[in-house]
Amino acid sequence: MTVAIPTLHAGEPLAACLRSLDAQTFHRFEVVVIDNSGKRIVESAGSRGRVIHNTYNAGFGQAINQAYRTSETKYIATLNDDAHADPAWLEELVGCAERRPKAGMIASRVMLGETGTLDSAGMLIAADGTSKQRGHGEPPSSYEKENDALLCSGSAALYRRAMLEEIGLFDETFFLYCEDTDLGLRGRWAGWECAYAPHATVEHGYSQSAGKASPLKAYYVERNRLYCAVKNLPWGMVLASPFTAFIRYLWHGLALLEGRGKASEFRESGHDVFMLPFLVLRAHVAMLWRLPRLLAERRRLKALRKLSAADFRALLRNNWISLREVALQ
């Protein structure tokens, strides 16, 4: 078992994260900290760990891939550097994976430390390809049973090496955000399942790396939604996505007028909301620039599919979140 932890700022959050791993009841694992600061700010990864020093910020996906390529373990777990793992976290994840050999991904119960509510119990998807955390803001009692999920949140997840060898690793062009959605959808197309382990608990400081609502986050989330949609969604959803996305933008606008949702949070963080249309436009330009490569990747991935388009659409419908809920979450 390998636990991969990308970090940009290190400091006490990372130190607390590593201490939580030292207290794990499961002992057969190594820790790989990927220092993306470019300044070699991480001196140690603890008694079980090693450090990969990058000379630049390689992003989340590339960092996890580096840990994967330098290990040979059956499972690789991803963990944010501001997450604190319950002592049974790894034991619960591995136990679930061993009980579910068809599960290529195991989702953790991710808690928002400051509120005591859920951050994520797996992921949901909307009509335009936007992914959102299942159970976000709900009490943890809402998701107490082990069951199926659509995808994992990469903030705290377990991936089976056999699945990664089949479908490929995280898409490094995403850089930040949605790479877990892309990987998860590829896995689901290939017939792998995703399980939710309700007792594999971590507490997470939400969006500490790029801010809860920042221009950086807004741009990458929108651009990578488009990347992910072109690569993975059935063609009917891809062609409809300009219209479904427009509906989501309208819901964002209405929520802003009511002082709710992500657009309101963006304004409250001190940013000009009139910047958002520019960021959306920039995201679409970036997608169009990369469209030939995205289509080539889509053709390559088609050969790995084991689900029919109808079965895949049914899977998405069973893990659906409305466009209105996306705007308000």
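Just above, that's the structure.
Residues numbered from 1 in each chain as written. Predicted model: local features only at pLDDT ≥ 70, side-chain atom pairs only at ≥ 80, totals over all residues. Heavy atoms only, no water.

**Some remarks on the overall build of the protein**
Filter applied, for reference: The helix count covers DSSP runs of H or I at least four residues long, the strand count covers runs of E at least two residues long, and both are numbered beginning at the N terminus. When we talk radius of gyration, it's over C-alpha atoms, and the globule rule is simply 2.2 Å times the number of residues to the 0.38. When a residue's accessible area, from a 1.4 Å probe over protein chains only, is under 20% of the maximum for its type it is buried; when over 50% it is exposed; and in between it is partly exposed. What makes two residues a contact is simply this: any of their non-hydrogen atoms within 4.5 Å.
Across its full length, the protein carries 11 helices and 12 strands. Relative to a compact globule of 329 residues, whose C-alpha radius of gyration would be 20 Å, the protein shows 19 Å and is just as compact. Principal-axis analysis of the C-alpha atoms places the extent of the protein at approximately 50 × 45 × 40 Å. Put simply, the protein has 329 residues, and 57% of those count as buried. Within the protein, contacts between residues at least 6 apart in sequence are counted, and of these 74% link residues at least 24 apart.

**What about helix 6 (residues 215–232)?**
Our working rule: Helix span, expected: 1.5 Å multiplied by one less than the number of residues in the helix.
Its 18 residues give helix 6 an end-to-end C-alpha distance of 26 Å, which sits within 8% of 26 Å, the value for a rise of 1.5 Å per residue. Buried residues dominate helix 6, accounting for 14 of its 18 residues.

**Regarding the environment of asparagine 224**
Selection rule: Each polar contact in these results corresponds to two N or O atoms within 3.5 Å; when the atoms are within protein, one needs to be able to donate a hydrogen and the other to accept it, and residues that are neighboring in sequence are counted only if both atoms are side-chain atoms.
As for its placement among the helices and strands, asparagine 224 is situated in helix 6. Looking at asparagine 224, the relative accessible area reads 0%, which means it is buried. As a C-alpha pair, asparagine 224 and phenylalanine 175 span 49 residues in sequence and 8.9 Å in three-dimensional space. Ignoring anything within four residues of it in the chain, the contact list for asparagine 224 reads Phe174, Leu176, Tyr177 and Cys178. Looking at asparagine 224, its side chain comes within polar contact range of the side chain of arginine 223, at 3.0 Å.

**Overview of the packing of aromatic side chains**
To be explicit about the condition: Pairing of aromatic side chains here covers Phe, Tyr and the six-membered ring of Trp, requires ring centres within 6.5 Å, and sorts the geometry by plane angle: under 30 degrees stacked, over 60 edge-to-face, intermediate tilted. Comment: the charge-over-ring label is applied if NZ (Lys) or CZ (Arg) is within 6 Å of the ring centre and within 35 degrees of the ring normal.
Counted by the stated rule, this structure contains six aromatic pairs. Look at tyrosine 159 and phenylalanine 170: their rings are 5.6 Å apart centre to centre, the planes differ by 85 degrees, and that puts the pair in the edge-to-face class. Here tyrosine 159 is found in strand 11 (residues 156–160), whereas its partner phenylalanine 170 is found in the loop between helix 4 (161–167) and helix 5 (179–189), with 11 residues between them in sequence. Across the pair, exposure class does not vary: tyrosine 159 and phenylalanine 170 are buried alike. Joined through ring pairs, the aromatic side chains of Phe60, Tyr159 and Phe170 make up one cluster. Here the basic side chain of arginine 48 rests over the ring of phenylalanine 29, its NZ or CZ set 4.6 Å away from the ring centre.

**Describing the nonpolar core**
Basically, it comes down to this: By nonpolar core is meant a set of buried Ala, Val, Leu, Ile, Met, Phe, Trp, Tyr and Cys residues that side-chain atoms within 4.5 Å join together.
Core analysis: the biggest nonpolar cluster contains 34 residues, and Met1, Val3, Ile5, Leu21, Leu79, Trp89 and Ile106 have the highest contact counts within it. Of all the elements, helix 3 (residues 89–99) adds the most residues to this core, at six residues. When neighbours within four sequence positions are excluded, methionine 1 is seen to be in contact with Phe26, Arg28, Phe29, Glu30, Thr73, Tyr75, Ala77, Leu90, Val94 and Leu158.

**Here we look at the packing of helix 5 against helix 10 (residues 309–317)**
What counts here: Think of each axis as a best-fit line through the C-alpha atoms, taken over the contacting stretch in the case of a helix, with angles from 0 to 180 degrees between the N-to-C directions. Working rule for angles: under 35 degrees goes down as roughly parallel, over 145 as roughly antiparallel, 65 to 115 as roughly perpendicular, anything else as oblique. Each crossing is labelled by how the near helix is turned from the far one, with a counterclockwise turn of less than a right angle marking it left-handed and a clockwise turn marking it right-handed. Three residue categories are used. Nonpolar comprises Ala, Val, Leu, Ile, Met, Phe, Trp, Tyr, Cys and Pro, charged comprises Asp, Glu, Lys and Arg, and polar comprises the others, including Gly.
Interaxial distance between helix 5 and helix 10 falls to 11 Å at its minimum, and their mutual angle equals 135 degrees. Classed by the angle they form, the pair helix 5 and helix 10 counts as oblique. Here helix 5 and helix 10 pass one another in a crossing that is right-handed. Taken together, the residues of helix 10 that come into contact with helix 5 (itself represented by Leu185, Arg188 and Trp189) are Ala309, Phe312, Leu315 and Leu316. The residue makeup of the contact of helix 5 with helix 10, split by class, is six nonpolar, no polar and one charged.

**A few points about helix 2 (residues 59–69)**
For helix 2, the buried fraction is high: 10 of the 11 residues fall into the buried class. For helix 2, the set of buried residues is Gly59, Phe60, Gly61, Gln62, Ala63, Ile64, Asn65, Gln66, Ala67 and Tyr68. Against strand 1 (2–7), strand 2 (30–35), strand 3 (49–53), strand 4 (75–79), helix 4 and helix 5 lie the buried residues of helix 2.

**Overview of a nonpolar patch on the surface**
Worth spelling out the cut-off: By definition, no residue in a patch forms a salt bridge, and every one has over 30% relative accessible area; like charges are joined within 9 Å, nonpolar side chains (Val, Leu, Ile, Met, Phe, Trp, Tyr) within 5 Å. The method behind every accessible area is Shrake-Rupley, applied with a 1.4 Å probe, and residues are considered shielded solely by the protein chains displayed. Salt-bridge detection follows one rule: a side-chain nitrogen of Lys or Arg within 4 Å of a carboxyl oxygen of Asp or Glu.
A contiguous nonpolar patch, built from Ile247, Trp251, Leu254 and Leu257 and spanning about 400 Å² of accessible area, is present on the exposed surface. Tracing the chain through its elements places leucine 254 in helix 7 (residues 235–257). The partly exposed category is assigned to leucine 254, whose relative accessible area is 44%.

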